[in-house]
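Listed below are the residues making up each chain.
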Amino acid sequence: MKNLKRSLCLALCLILALACIPAMADGNVKIGVLVSDATSSEALAFRAYYTEYIAKAYGVEFIYSDELTDAAGEKSAIDNFIVNNCKAVISFSSFDRPAQIDQCDAAGIYNAVATGTLTDEQYDEYKDYEYYVGAIGPSMDIEFQAGYDMAAYYIDQGMTKFGMFGGGVPYYVDMHIYRAAGMLTAMVEKGGEGANYKGADNAGAIIGQIYADGGIDTGAIGNLELAAYVGGYDFNDAWFGKLSQMVGTEGIQAILTVGSGVDVLGGFISGSGVKLATVDSFTPAMQEAMDNGILDYMAGKFAASIGPIFAATLNAVNGQPIRDSEGNALALGQGYWVATSSEQFAQYCAVDSSMTDPAYTKEILDQYASSEVSYDDFVDFVSQYSFDEIVSLKK
Amino acid sequence: MGKQTIRERIPAFASILGLLALIAAYYIVGLIRDANVAYGLKAVVNQSVVVALVATGAVFIYTLGSFDISLGAATGVSALLGAMAYNATGSLPVMFLVCIGVAVAIGFINSSLASVFNLPIFVTTVAMMSVLSAFMLILIGWNGAGDTIKVKARDVRPLDNIPFKVAVLAAYIALCWFVFTLLPTGREAKFIGGNPVCAKLSGIDEKKLAIIASLISAIGIGLGAFLTIVYAPTLNKDTASSIGMDVIIAIVFGGMPVSGGPRSRILSAVVGAFSMGFLSQIMSMLNLGSGYGQMIKAAIFLLVVFIALGSQRGKLLTR
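Residues numbered from 1 in each chain as written. Chains lettered and ligands numbered in written order. Predicted model: local features only at pLDDT ≥ 70, side-chain atom pairs only at ≥ 80, totals over all residues.

> Any details on the overall build of chain B? Residues and values, ideally.
Per the secondary structure count, chain B includes 13 helices and two strands. Across the 319 residues in chain B, those meeting the buried criterion constitute 50%. For chain B, restricting intrachain contacts to residue pairs at least 6 apart in sequence, the fraction spanning at least 24 positions comes to 79%. (Helix = DSSP H or I, 4+ residues; strand = E, 2+ residues; numbered from the N terminus. Buried ≥ 20, exposed ≤ 12 C-beta atoms within 10 Å, placed from the backbone. Contact = placed C-beta atoms within 7 Å.)

> Any details on the packing of helix H3 (residues 71–89) of chain B against helix H11 (residues 243–253) of chain B? Residues and values, ideally.
Geometrically, a packed helix pair is captured by the angle between its two axes and the distance between the axes. Residues and elements named next belong to chain B. Their axes nearest at 6 Å, the elements H3 and H11 cross at an angle of 130°. Put simply, H3 runs oblique to H11. The residues of H11 that touch H3, namely those facing Leu71, Gly72 and Thr75, are Ile243, Gly244 and Val247. Taken together, the residues of the contact of H3 with H11 break down into three nonpolar, three polar and no charged. (Axes fitted to C-alpha atoms, helices over the stretch in contact; angles between N-to-C directions. Parallel < 35°, antiparallel > 145°, perpendicular 65-115°, else oblique. Nonpolar A, V, L, I, M, F, W, Y, C, P; charged D, E, K, R; others polar.)

> Before we move on, could you go through the sheet that holds strand E7 (residues 219–221) of chain A and cite the residues and values that matter?
Residue and element names in this part refer to chain A. Strand order in the open sheet made by the seven strands is E7-E8-E6-E9-E10-E11-E13, with mixed pairing throughout. Strands at the two margins of the open sheet, each flanked by one partner only, are E7 and strand E13 (337–339). The sheet shows a mean angle of 25° between the axes of neighbouring strands, taken without regard to direction. Where strand E6 (residues 161–165) meets strand E9 (residues 254–257), four bridges bridge the pair, whose relative direction is parallel. From the neighbouring strand, Gly163 faces E9, where its bridge partner is Ile255. Those strands touched by helix H10 (residues 261–269) are E6, E9 and strand E10 (275–281), and its axis lies near 155° from that of E10. (Pairing = 2+ DSSP bridges.)

> Go over the pairing of strand E3 (residues 88–91) of chain A, please, and point to the residues and values.
Residues and elements named next belong to chain A. Side chains Ala88 and Ile90 of E3 all project onto a buried face; the interleaved residues Val89 and Ser91 project onto the opposite face, where all are buried too. When strand E1 (residues 29–35) meets E3, the two strands line up parallel, connected through four bridges. Following the sheet pairing, Leu34 is matched in E3 by Ser91. Sheet topology note: the E3/strand E4 (residues 110–114) ladder contains four bridges and is parallel. Of the residues in E4, the one forming a bridge with Val89 is Asn111. With respect to chirality, the unit in which E3 leads through helix H4 (residues 97–107) into the neighbouring parallel E4 is right-handed. (Right-handed = clockwise from strand over helix to strand, strands pointing away.)

> Run through the sheet that holds strand E12 (residues 330–333) of chain A, naming residues and quoting values.
Residue and element names in this part refer to chain A. Across the sheet, which stays open at both edges, the six strands sit in the order E2-E1-E3-E4-E5-E12 with parallel pairing between neighbours. Looking at the sheet topology across the chains shown, the edges are occupied by strand E2 (60–67) and E12. The average angle at which neighbouring strand axes cross in this sheet is 15°, direction not considered. Where strand E5 (residues 132–137) lies against E12, four bridges are found, and the strand directions are parallel. Within E12, the residue paired with Gly137 across the bridge is Gly333. Contacts from helix H2 (residues 41–58) reach E1 and E2, with the element oriented near 160° to E2.

> Help me get a handle on the domain arrangement of chain A, residues and values and all.
Residues and elements named next belong to chain A. Each domain of chain A was delimited in the assignment, giving domain 1 (28–139 + 303–335 + 360–394) and domain 2 (141–301). Each of domain 1 and domain 2 has a C-alpha centre, and these two points are 30 Å apart. Counting residues at the interface gives nine residues for domain 1 and eight residues for domain 2. Top contributing element to the side of domain 1 that touches domain 2 by residue count: H2, with three residues. Counted by class, the side of domain 1 that touches domain 2 contains two nonpolar, six polar and one charged residues. (Domains from an automatic or database assignment.)

> Hey, could you go over helix H7 (residues 162–182) of chain B for me, with residue numbers and the actual values?
Residues and elements named next belong to chain B. Taking 1.5 Å of rise per residue, 21 residues should cover 30 Å, and H7 covers 29 Å from first to last C-alpha, within 8% of that figure. Taken together, the buried positions of H7 are Lys165, Leu169, Tyr172, Cys176 and Phe180. Relative to the axis of H7, the buried residues are bounded by an arc of 70° and lie together on one face. Exposed side chains of H7 directed beyond 90 degrees from the buried face belong to Pro163, Val166, Ala167, Ala170, Ala171, Ala174, Thr181 and Leu182. Contacts made by the buried residues of H7 are with helix H2 (37–63), helix H8 (184–194), helix H10 (206–231) and helix H12 (266–286). (Expected span 1.5 Å × (residues − 1). Arc of directions from axis to C-beta.)

> Which residues make up unusual backbone geometry, and what values go with them?
Of note, the phi angle at Thr115 of chain A is positive, near 50°, even though the residue is not glycine. Mapped onto the elements of the fold, Thr115 of chain A is located in the loop between E4 and helix H5 (120–126). You can call Thr115 of chain A buried: it has 21 C-beta atoms within 10 Å. A positive phi angle, close to 65°, is found at Ala240 of chain B, a residue other than glycine. Looking at where Ala240 of chain B falls in the secondary structure, it is placed in the loop between strand E2 (234–235) and H11. By the C-beta count within 10 Å, which is 29 here, Ala240 of chain B ends up buried.

> Which residues make up the interface of chain B and chain A, and what are the values?
Contacts between chain B and chain A engage 39 residues on the former and 35 residues on the latter. At the level of secondary structure, the elements contributing two or more residues to the side of chain B that touches chain A comprise helix H1 (6–32), H2, helix H5 (121–143), H10, H12 and helix H13 (289–308) of chain B. In terms of residue count, H13 of chain B provides more of the side of chain B that touches chain A than any other element does, seven residues in total. Residue classes in the side of chain B that touches chain A are distributed as 18 nonpolar, 16 polar and five charged.

> Give me the lowdown on the packing of helix H11 (residues 284–291) of chain A against helix H13 (residues 342–352) of chain A, citing residues and values where you can.
Residue and element names in this part refer to chain A. Where H11 contacts H13, the axes come no closer than 9 Å and their chain directions differ by 165°. Looking at the two axes, H11 sits roughly antiparallel to H13. Where H11 crosses over H13, the handedness of that crossing is left-handed. Here Gln287, Met290 and Asp291 of H11 lie close against H13, whose contacting residues are Ser342, Phe345, Ala346 and Cys349. (Left-handed = near helix turned anticlockwise from the far one by under 90°.)

> Could you give me a rundown of the pairing of E9 of chain A, with the residues and numbers involved?
All names here are of chain A. Of the two faces of E9, both are covered, the one formed by Ala254 and Leu256 as well as the one formed by Ile255 and Thr257. Pairing analysis gives three bridges linking E9 to E10, with the strands arranged parallel. Considered in E10, the bridge of Leu256 is made with Ala277. The handedness of the E9 to E10 crossover, carried by H10, is right-handed.

> An account of helix H12 (residues 307–317) of chain A is requested, with residue identities and associated values reported.
Residue and element names in this part refer to chain A. Here H12 lies mainly inside the structure; 11 of its 11 residues are buried. Every buried residue of H12 is listed here: Gly307, Pro308, Ile309, Phe310, Ala311, Ala312, Thr313, Leu314, Asn315, Ala316 and Val317. Among the residues trailing H12, Gly319 stands out with phi positive, at a value near 90°.

> Could you give an account of the environment of Ala114 of chain A, with specific residues and numbers?
All names here are of chain A. Looking at the secondary structure, you find Ala114 in strand E4. For Ala114, a count of 25 C-beta atoms within 10 Å puts it in the buried group. With 202 residues separating them in the primary sequence, Ala114 and Ala316 have C-alpha atoms 15 Å apart. Among all residues touching Ala114, those that are not within four sequence positions of it are Ile90, Ser91, Phe92, Ile136, Gly137, Ile306 and Ile309.

Pasting the structure below:
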């Protein structure tokens, strides 16, 4: 028994010592990364782009937080980044963005928002903070448009009966509510005269209605019909039963999902003839779903979409933050790539999953991670986010 | 009882020695990694104080040989209602009292249900955890402002400092130590945890003690909820959700058996909570990635508990 104890102690010391060796060797700029999702295919793709491509290309060290679930976790993680002498924090977590910016500003480290934006009120308050780099990602308007385009795609094909998966709507997840509102707004606008959702006939009213209800009601919307709805992420038998029932709803033609469509509905969709549309990322698993006819439409963030916010952050760390003519931080929208066929998806996926030639390569980013870059040049660069535009940037 | 050798005494102090070893490791790793060690100490206190408060109170319940799985949810509900009370009144004392009051009410319901239906507290807390988790969602829905309930950060910032938090923790530890050590309550609780049949035959009222333990624990939950708002005043459905598991780990890490009984100690919770805090900081400084970090944490946890429980192996009536 004594030997076992000694062995355990020795093993532990050895592990800690070995762990210190790579730590002692580096002298890179450290950047903390806040994540509230560490396991989805989208999150893994983002992480791979930073840790396997950007870190090597630029000689920076990314320190990732654990998977965060609340604002207290964000604050603790930023504390840990400060302890580690990180020069900046790139945040994928949105429980309390103002608190993140305040905390970083007080500590004198830069803060940047990836794959999201601040609200207008928040931006007005923080745009001139010295250590706030800015935000690049889908704004709520872009989220709304993603939902709208998805629904319009099927309505324009003549489909009339839909199902909807609301994901985080019952938990008041803003981006899911806006995507769902976009879908309903498309139905209202294309549902014929007098079409409305619970009396709401415009985007603002529909968004307000969803926030008031914390859910979405089924029923006729003009000459269209939302025949089934499931929300939440209960992952119990009853919840899976509802999903199965939704797919089996008589006459249903397409199921519009605010996210995670393949993960939660893929098993039921196969062979049903119902079209599945979702917002996700360009991963091999989604490619397989598209090839097998399970997934029909996907609006996806591409992994390298977080390249520009890294370039902006690096500029700030190097003492040349990108600011507009009034000295305000960045607030730039960046949308999705939309694939509606297996071939198109394969083309996007090949670029997106490459760790040697990703969508935004070092050669492209170098033009903008530089003291020479102007605010207008950077805005122009970020606005060219479609697949074809990025391919043309590479030429 | 012969005189104990130093080697025999080591297991009894393993948790404290473990904490000291972790503090030493923290400084060494911090030096190697050129980390901001002073700031890290503040971070350890900030990250450990809520767990330490809730775990210190929970020692009373664990001492009885019982188990409360609803601690996290109770802290979350208390914090949400405290924040809503503040938003309605603008008064920090009201927020404080609501946090404490709600936690005490939840503790009273837990222990009363256990008494009325003659159920173990553990069973009622399982049911209560589900109810409270659902109630958190309802509260957020009632609040009608998205998926969070917020208190303005600048309103609570004056309290978000280390001296205040340490003072709250010290006062609560003093209260618990007084009740646990100097009043019959502590001895009776240890007796029940060690041998419930003998305790009952000796005339100790288990139900009364269960209610007292729940109420004392509830004060810790209320204080934890208050400091949760002070630290991060944006609350959501997952606020304090990890506290239940953190408390169990802290108590075991602190060298107290989860089966309760005579080896229960108030300070175990504090030692365990701060050990976890330093361990987390070390893992963060090493930037091993959460996977490797978790594995090493688990190895250290097993090691400390293995040594701490060493003195009990092979003994009769180990509780």
